[in-house]
Amino acid sequence: MLARLGRALDAREAERPEAFASIRLLALTGCRISDAVNLCWRDIGEDANNLSDSETGPRVEPLGQIARAHVAALPNGGDPGAFLFP
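Residues numbered from 1 in each chain as written. Predicted model: local features only at pLDDT ≥ 70, side-chain atom pairs only at ≥ 80, totals over all residues. Heavy atoms only, no water.

Some thoughts on the overall build of the chain
Point 1. The secondary structure content of the chain amounts to four helices and two strands.
Point 2. The order of α-helices and β-strands along the chain, N terminus first, is α-α-α-β-β-α.
Point 3. The C-alpha radius of gyration computed for the chain amounts to 13 Å, which stays within 12% of the reference 12 Å derived for 86 residues, consistent with globular compactness.
Point 4. Counting across all 86 residues of the chain, residues that qualify as buried make up 31%.
Point 5. Contacts spanning at least 24 positions in sequence make up 51% of the contacts within the chain whose residues lie at least 6 apart.
Point 6. Counting every atom, the chain has about 5700 Å² of accessible surface; 56% of that belongs to carbon and sulfur.
Point 7. A distance of 8 Å separates the average location of the 9 positive side-chain charges in the chain from that of its 12 negative side-chain charges. (Helix = DSSP H or I, 4+ residues; strand = E, 2+ residues; numbered from the N terminus. Rg over C-alpha atoms; globule rule 2.2 N^0.38 Å. Buried < 20%, exposed > 50% of the residue type's maximum accessible area, 1.4 Å probe, protein only. Contact = heavy atoms within 4.5 Å. Areas by Shrake-Rupley, 256 points an atom, 1.4 Å probe, with all protein chains shown as cover. Lys, Arg positive; Asp, Glu negative; His and termini not counted. Charge placed at Lys NZ, Arg CZ, Asp CG, Glu CD.)

Structure representation (structure tokens):
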């Protein structure tokens, strides 16, 4: 099922790259939608998302190698307070 989702995302990713990147991050991490939507660049550590204001309070969410690669491929304007998915 995930392979099928990946192929579908690949086929249409050029239309809305940020939206599709957020879907990939959700699939790869199991993170809540609200947490993903509110992620800022300052929340991204080397191996984890540092969620300071999640639904259940502050927590660290591990990022696997593939999820880190997808995050690294996102455009970053250099502002740590900017959202990953504007």
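As for the nonpolar core
Point 1. Membership of the largest hydrophobic core is limited to twelve residues, which are Ala21, Leu25, Leu39, Trp41, Ile44, Leu51, Leu63, Ala67, Val71, Leu74, Leu84 and Phe85.
Point 2. For this core, the secondary-structure elements that each account for two or more residues are helix H2 (17-29) and helix H4 (65-72).
Point 3. Excluding its chain neighbours within four sequence positions, the residues that come into contact with leucine 25 are Gly30, Leu39, Leu63, Ala67, Val71 and Phe85. (Core = buried A, V, L, I, M, F, W, Y, C linked by side-chain atoms within 4.5 Å.)

Remarks on the packing of H2 against H4
Point 1. Contact geometry of H2 with H4 gives a least axis separation of 9 Å together with a crossing angle of 165 degrees. Between H2 and H4, the angle falls in the class roughly antiparallel. The hand of the H2/H4 crossing is left-handed. Residues Arg24, Leu25, Leu28 and Thr29 of H2 form the contact with H4, whose participating residues are Ile66, Ala67, His70 and Val71.
Point 2. Of the residues contributing to the contact of H2 with H4, the split by class is five nonpolar, two polar and one charged. (Axes fitted to C-alpha atoms, helices over the stretch in contact; angles between N-to-C directions. Parallel < 35°, antiparallel > 145°, perpendicular 65-115°, else oblique. Left-handed = near helix turned anticlockwise from the far one by under 90°. Nonpolar A, V, L, I, M, F, W, Y, C, P; charged D, E, K, R; others polar.)

Description of the pattern of salt bridges
Point 1. Taken as a whole and assessed by the stated rule, the structure comprises seven salt bridges.
Point 2. In this structure, glutamate 15 and arginine 12 form a salt bridge, with 2.9 Å as the shortest nitrogen-oxygen distance.
Point 3. The partner of arginine 59 in a salt bridge is glutamate 61, with the nearest N and O atoms 3.1 Å apart.
Point 4. Judged by its relative accessible area of 7%, glutamate 61 falls in the buried class.
Point 5. Taken together, the salt bridges that share partners define one network made up of Arg32, Asp35, Arg59 and Glu61. (Salt bridge = Lys/Arg side-chain N within 4 Å of Asp/Glu carboxyl O.)

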